[in-house]
Amino acid sequence: LSEDTVIETIQSVEISAAPSIQEKVAELPFIFATAEPFEVFDVLFGSTVLLSPEGDTDLSEAAPLIIIANSIAPAQTRQLSTYATDVLLSTDGFADITITEQFPIEFAGDEGYFTQGTLQSDVVLQFLTIGPDSSHIRMVVIANAADIEQIMPVVETIQRSVAPK
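In this report, the structure presented in the accompanying data block is examined. All values reported here derive from a predicted model rather than from experimental measurement.

Focus on the nonpolar core
As a rule of thumb, nonpolar side chains are buried together in soluble globular proteins. By size, the foremost hydrophobic cluster in this structure holds 28 residues, and its most contacted members are Phe32, Val49, Ile66, Ile68, Leu125, Met139 and Val155. At the level of secondary structure, the elements contributing two or more residues to this core comprise β2 (38-44), β3 (48-53), β4 (65-70), β7 (122-130), β8 (136-144) and α4 (148-161). Tallying contributions element by element places α4 first for this core, with six residues. In this structure, Ile97, Leu119, Val140 and Ile142 belong to the second largest nonpolar core, which totals 10 residues.

A closer look at the pairing of β4
With five of six residues buried, β4 is to be regarded as a mostly interior element. Here β3 pairs with β4 via four bridges, running antiparallel. Residue Thr48 lies in a different strand from β4, and its bridge partner there is Ala69. In this sheet, β8 lies alongside β4 in antiparallel orientation, the contact comprising six bridges.

Notes on α4
An α-helix turns once every 3.6 residues. As a result, residues three or four positions apart point the same way. The end-to-end C-alpha distance of α4 is 19 Å, a good match for the 20 Å that 14 residues give at a rise of 1.5 Å each. Taking the largest bend as the criterion, α4 deviates by roughly 30°, centred on Val154. For α4, the full list of buried residues reads Ile148, Ile151, Met152, Val154, Val155, Ile158 and Gln159. In the core, the buried residues of α4 are packed alongside β2, β4, β5 (98-107), β7 and β8.

Describing the environment of Phe94
In this structure, Phe94 sits in the loop between α3 (80-89) and β5. Judged by relative accessible area, Phe94 falls into the buried class, the value being 9%. Spatially, the C-alpha atom of Phe94 lies 9.5 Å from that of Thr118, the residues being 24 residues apart in sequence. Leaving out residues up to four positions away in the same chain, Phe94 has contacts with Leu88, Leu89, Leu119, Val124, Val140 and Ile142.

The rules behind the values
- Each residue is numbered by its place in its chain's sequence as written, counting from 1.
- This being a predicted model, a pLDDT of at least 70 is required before a residue's local features are given, and a value of 80 or more before pairs of side-chain atoms are given or counted; all residues contribute to the totals for chains, interfaces and linings.
- Side-chain descriptors were evaluated using all non-hydrogen atoms of the structure, hydrogens and water having been removed beforehand.
- Think of a nonpolar core as a cluster: buried Ala, Val, Leu, Ile, Met, Phe, Trp, Tyr and Cys residues, connected wherever their side-chain atoms sit within 4.5 Å.
- Only protein chains enter the accessibility calculation, which uses a 1.4 Å probe; a residue is then buried when its area is under 20% of its type maximum, exposed when over 50%, and partly exposed in between.
- Comment: elements are numbered from the N terminus, with helices defined as DSSP H or I runs of at least four residues and strands as E runs of at least two.
- Two strands make a pair as long as DSSP finds a minimum of two bridges between them.
- Expected span, for any helix, means 1.5 Å times one less than how many residues it has.
- To get the bend at a residue, fit one axis to the 7 residues ending there and another to the 7 starting there, then take the angle between the axes.
- The contact rule is simple, with two residues in contact once any of their heavy atoms fall within 4.5 Å.

Keep in mind these values describe shape, not function.
Pasting the structure below:
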């Protein structure tokens, strides 16, 4: 390539604005509704949304967190109970969860599985389903044990709104 061609090519590059949170949410492979006080504060990898009270990005406090994610890789099984446990325990930082409750539940418009556990002073809830394409959608809630009862109506509202596109 000539020097002029290289210069022309470099000068033709345009930097576009980063997509807004709303644009990123629109690209997710699932839909959901927020419920006060939870708001979206980030979208990761085009497959995961993070919600916190008032969309607060400072997670150093003991504020509750909701994560809704679509798997990138297909599930290797349709056995929900085993798969739900394996996915939860293999999540970074969750290997030491003590599972306290598990049962089938409707989630994302399909047969799903609910898992609850404790991790130090937190309660962790997971709602999970495996779709017809073998990908899973899950919603994970992490909250201080003292706060979980107070936020459960909001968690249930958000959980009922999750659906694949």
